[in-house]
Amino acid sequence: MLPTSHATRLLLLILQLIKLDKTLGNAHSLCLDLTIKSQSRPGQPWCEVQGSVDTKPFLHYDTDSNEVKPLGLLGKEVTATKAWTELSQTLAEVGQELRMMLPVLKPHKNKTRGPPTLQTELCCRREAERCTGASWQFSVDRHTALLLDAMNMKWTVISPGDTGIEEWENDQVLAEYFRKTSVGDCNHWFQEFLEHWEERLEPEPTAPTLLSSDNEQSTDLQLMAWVIPSIFVSLVLIGITIRNHRRSRTTQAPPPYVAPEHLGDLRSGESGTLGMKG
């Protein structure tokens, strides 16, 4: 049986492994990809949305039908939820909001003709039953121009291409609207959807492309830097303890062997010794 101190160390090791699995093994991301045009031909939508969870499509929306349609089993399982109704309403509002901003944008410098088209990706990420990331990615004519990490309200200009989209980072009201929609609304929908999806979704094998805050990335790195060495040291100590325990049992001197015919002599000697002491 292991000493109490080593049994405690083994228990801590098991708890560390459970914590590591819970932290790194159940991350999921929900993304909404919007394509918005300032002008569209008759019968063609000016806004289309494709929704996916862990890259698996689950909804489609366009302004021509003005209807959010479920895709696959993932979509069908959540159509009766309150979150689905709220999501349907918000998609129309977000599309209209972004369309109003198109007139101030110029086409990308590589586009030869026509008004600009805006592609927007809204993503939120949940891990260990909490929101760990929320971001927006804006592209003009399919050229990524601007990123927003909504967790810490940090803008990053990538390649504006003289479109004027870089001016958005100076609009605090717009940034707050994006933050509320991603960290608030998207995270709320995703939390409710996951109650229906948990058994169908596999944990993401790798970190998604979703932007996460510097604090979250730092926390994950610190956790890995602490847990992995602790596991290694604990395993080494447990191995050494087991080896030493086995050695002590094999090297312990056995009691001297006494032939059966001499047992009577030994008992007589012990009795005589006791009599002398008396």
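Remember, it's a predicted structure, so these values are computed and weren't measured experimentally.

Colleague: So what's going on with the packing of aromatic side chains? Which residues, and what values?
Modeller: Counted by the stated rule, this structure contains 12 aromatic pairs. An angle of 70° between the planes, with centres 6.0 Å apart, marks the rings of Phe58 and Phe193 as edge-to-face. Here the residue Phe58 occupies a position in strand β3 (residues 56-62), and Phe193 occupies one in helix α4 (residues 172-197), the gap between them amounting to 135 residues. Since its relative accessible area comes to 0%, Phe58 is described here as buried. Look at Phe193 and you get buried, because its relative accessible area is 0%. Ring plane angle 40° and centroid distance 4.6 Å describe the contact between Trp136 and Phe178, whose orientation is recorded as tilted.

Colleague: Residue-level account of the nonpolar core, with values.
Modeller: If you look at the biggest cluster of nonpolar residues, it comprises 45 residues, and the most contacted ones within it are Leu32, Phe138, Trp168, Phe193 and Trp197. Listed by contribution, the elements that provide at least two residues to this core are β1 (28-37), β2 (47-53), β3, α3 (82-101), β5 (117-127), β6 (130-140), β7 (143-149) and α4. If you tally residues by element for this core, the top one is α4, at 9 residues. If we ignore the near neighbours within four places in the chain, the residues touching Phe138 are Leu98, Leu118, Gln119, Thr120, His143, Thr144, Ala145, Leu146, Trp155, Ile165, Trp168 and Phe178.

Colleague: Could you give an account of the packing of α3 against α4, naming the residues involved and the relevant values?
Modeller: Any two packed helices are characterised by how steeply their axes cross, that is the angle between the axes, and by the distance between the axes. The N-to-C vectors of α3 and α4 enclose an angle of 155°; their axes lie 10 Å apart at closest approach. The pairing of α3 with α4 is recorded here as roughly antiparallel in orientation. Along this stretch, α3 crosses α4, giving a crossing that reads as left-handed. Contact residues: α3 offers Lys82, Ala83, Trp84, Glu86, Leu87, Thr90, Glu93, Val94, Glu97, Leu98 and Met101, while α4 offers Leu174, Tyr177, Phe178, Thr181, Asp185, His188, Trp189, Glu192 and Phe193.

Colleague: Tell me about unusual backbone geometry, and name the residues and values.
Modeller: Generally, phi is negative for residues other than glycine and the peptide bonds are trans, each holding for most cases. Look at Asp54: it is not a glycine, yet its phi comes out positive at around 50°. One can find Asp54 in the loop between β2 and β3. Look at Thr55: it is not a glycine, yet its phi comes out positive at around 70°. Turning to its location among the elements, Thr55 is positioned in the loop between β2 and β3. On the basis of relative accessible area, Thr55 is assigned to the exposed category, the value being 74%.

Colleague: Talk me through the state of the cysteines; I want residue IDs and the actual numbers.
Modeller: Overall, the coordinates contain 2 disulfides when judged by the stated rule. A sulfur-sulfur distance of 2.1 Å marks the disulfide that ties Cys31 to Cys123. One disulfide, between Cys31 and Cys123, carries an S-S torsion of 110° and so falls in the right-handed class. Taken together, the positions of Cys31 in strand β1 and Cys123 in strand β5 put the pair 92 residues apart, joining distant regions of the chain. Taking relative accessible area as the criterion, Cys31 reaches 13% and is therefore assigned buried. For Cys123, a relative accessible area of 2% corresponds to the buried category.

Colleague: So what's going on with the pattern of salt bridges? Which residues, and what values?
Modeller: Per the counting criterion, the structure on display carries 3 salt bridges. When the shortest N-O distance is used, the salt bridge between Arg179 and Glu176 registers 2.8 Å. Here Glu176 and Arg179 lie together in helix α4, a separation of 3 residues that amounts to about one turn.

What counts and how
Residues numbered from 1 in each chain as written. Predicted model: local features only at pLDDT ≥ 70, side-chain atom pairs only at ≥ 80, totals over all residues. Heavy atoms only, no water. Phe/Tyr/Trp six-rings, centres within 6.5 Å; stacked < 30°, edge-to-face > 60°. Helix = DSSP H or I, 4+ residues; strand = E, 2+ residues; numbered from the N terminus. Buried < 20%, exposed > 50% of the residue type's maximum accessible area, 1.4 Å probe, protein only. Core = buried A, V, L, I, M, F, W, Y, C linked by side-chain atoms within 4.5 Å. Contact = heavy atoms within 4.5 Å. Axes fitted to C-alpha atoms, helices over the stretch in contact; angles between N-to-C directions. Parallel < 35°, antiparallel > 145°, perpendicular 65-115°, else oblique. Left-handed = near helix turned anticlockwise from the far one by under 90°. Disulfide = S-S within 2.5 Å. Salt bridge = Lys/Arg side-chain N within 4 Å of Asp/Glu carboxyl O.

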